[in-house]
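Okay, here's what each chain looks like letter by letter:
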Amino acid sequence: MKIIILFFAFILSININAQDPGDAAKHIGAGVVIGVAGGYAAHKISNGQRGWKWAGAVGSSLAAGLAKEAIYDQSKGYEWETKDVLYTTLGGVLAGMAIDILTDNSRRRSGGGRSCGCLVAQLNAHKIQLPKFIKNGTGDITSELQAAYLLE
């Protein structure tokens, strides 16, 4: 995580000296779009392994930035701009962070990292007793209510 923060600080400290002031924003936007596509594809192929999500997002945006500078710009006679490749790759880093946050559901499954049970209602034909704390519960209130009802 420290490397990512240092990378952001480095990128933000560079002056934008492109032909168009919005050029950097366009490269970052393109990097985000390409990084989301590559990162999500890697997420699906690798069954959610975190390293592959990052490699897919950053690698695809880096490859797109290098291809744009090497193939497209060189054929048009433009000179190589390393900053454009860096901005496109920065978009891939942003996409990697977004995919990492949005596809990581282990926090939701485990109750936010806490080892907690589940509050379960005791169902009775005449009265409802709330709550009963089950220490080894799954954290899913629906299954706990169904189990409490069936055991009743």
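Presented here is an overview of the structure given in this document. (Residues numbered from 1 in each chain as written. Predicted model: local features only at pLDDT ≥ 70, side-chain atom pairs only at ≥ 80, totals over all residues. Heavy atoms only, no water.)

**Some words on the overall build of the protein**
Piece 1. Counting its regular elements, the protein contains six helices and two strands.
Piece 2. Each helix (α) and strand (β) of the protein, taken in turn from the N terminus, gives the series α-α-α-α-α-β-β-α.
Piece 3. Here the protein holds 152 residues, and the buried ones make up 28% of them.
Piece 4. Contacts in the protein between residues far apart in sequence, at least 24 positions, make up 58% of those at least 6 positions apart. (Helix = DSSP H or I, 4+ residues; strand = E, 2+ residues; numbered from the N terminus. Buried < 20%, exposed > 50% of the residue type's maximum accessible area, 1.4 Å probe, protein only. Contact = heavy atoms within 4.5 Å.)

**Focus on the side chain of lysine 53**
Piece 1. Considering the arrangement of structural elements, one finds lysine 53 in helix α3 (residues 50–76).
Piece 2. With residues near it in sequence (within four places) discarded, lysine 53 still touches Gly39, Ala42, His43, Gly48, Ile99, Asp100 and Thr103.

**What about the packing of helix α2 (residues 23–45) against α3?**
Piece 1. It is the contact of α2 with α3, at a shortest axis distance of 7 Å, that shows an interaxial angle of 135°. Between α2 and α3, the crossing angle belongs to the class labelled oblique. In this structure, α2 crosses over α3, and the sense of that crossing is right-handed. Within the contact between the two elements, α2 uses His27, Gly31, Ile34, Gly35, Gly38, Gly39, Ala42 and His43 and α3 uses Trp52, Lys53, Gly56, Ala57, Ser60, Ser61, Ala64 and Lys68.
Piece 2. Here the residues of the contact of α2 with α3 sort into five nonpolar, nine polar and two charged. (Axes fitted to C-alpha atoms, helices over the stretch in contact; angles between N-to-C directions. Parallel < 35°, antiparallel > 145°, perpendicular 65-115°, else oblique. Left-handed = near helix turned anticlockwise from the far one by under 90°. Nonpolar A, V, L, I, M, F, W, Y, C, P; charged D, E, K, R; others polar.)

**Quick notes on the packing of α3 against helix α4 (residues 82–103)**
Piece 1. Contact geometry of α3 with α4 gives a least axis separation of 8 Å together with a crossing angle of 160°. On the basis of the axis angle, α3 is roughly antiparallel to α4. Where α3 crosses over α4, the handedness of that crossing is right-handed. Along its contact with α3, which presents Arg50, Lys53, Trp54, Ala57, Val58, Ser61, Leu62, Gly65, Leu66, Lys68 and Glu69, the element α4 presents Asp84, Val85, Thr88, Thr89, Gly92, Val93, Ala95, Gly96, Met97, Ile99, Asp100 and Thr103.
Piece 2. Per-class residue counts for the contact of α3 with α4 are 10 nonpolar, seven polar and six charged.

**Considering the environment of glycine 38**
Piece 1. Considering the arrangement of structural elements, one finds glycine 38 in helix α2.
Piece 2. It is 7.9 Å that separates the C-alpha atoms of glycine 38 and serine 61, two residues lying 23 residues apart in sequence.
Piece 3. If sequence neighbours within four positions are ignored, glycine 38 has contacts with Gly56, Ala57 and Ser60.

**Here's the deal with unusual backbone geometry**
Piece 1. Residue asparagine 47 is not a glycine yet carries a positive backbone phi of 60°.
Piece 2. By the secondary structure assignment, asparagine 47 is in the loop between α2 and α3.
Piece 3. Classification of asparagine 47 as exposed rests on a relative accessible area of 71%.

**Observations regarding the side chain of serine 61**
Piece 1. Of note, serine 61 is situated in helix α3.
Piece 2. A relative accessible area of 0% means that serine 61 is categorised as buried.
Piece 3. In this structure the side chain of serine 61 is engaged in a polar contact, spanning 3.0 Å, whose partner is the backbone oxygen of valine 58.
Piece 4. For serine 61, the contacting residues outside a window of four places in its chain are Gly31, Ile34, Gly35, Thr88, Thr89 and Gly92. (Polar contact = N/O pair within 3.5 Å; in protein donor to acceptor, adjacent residues only side chain to side chain.)

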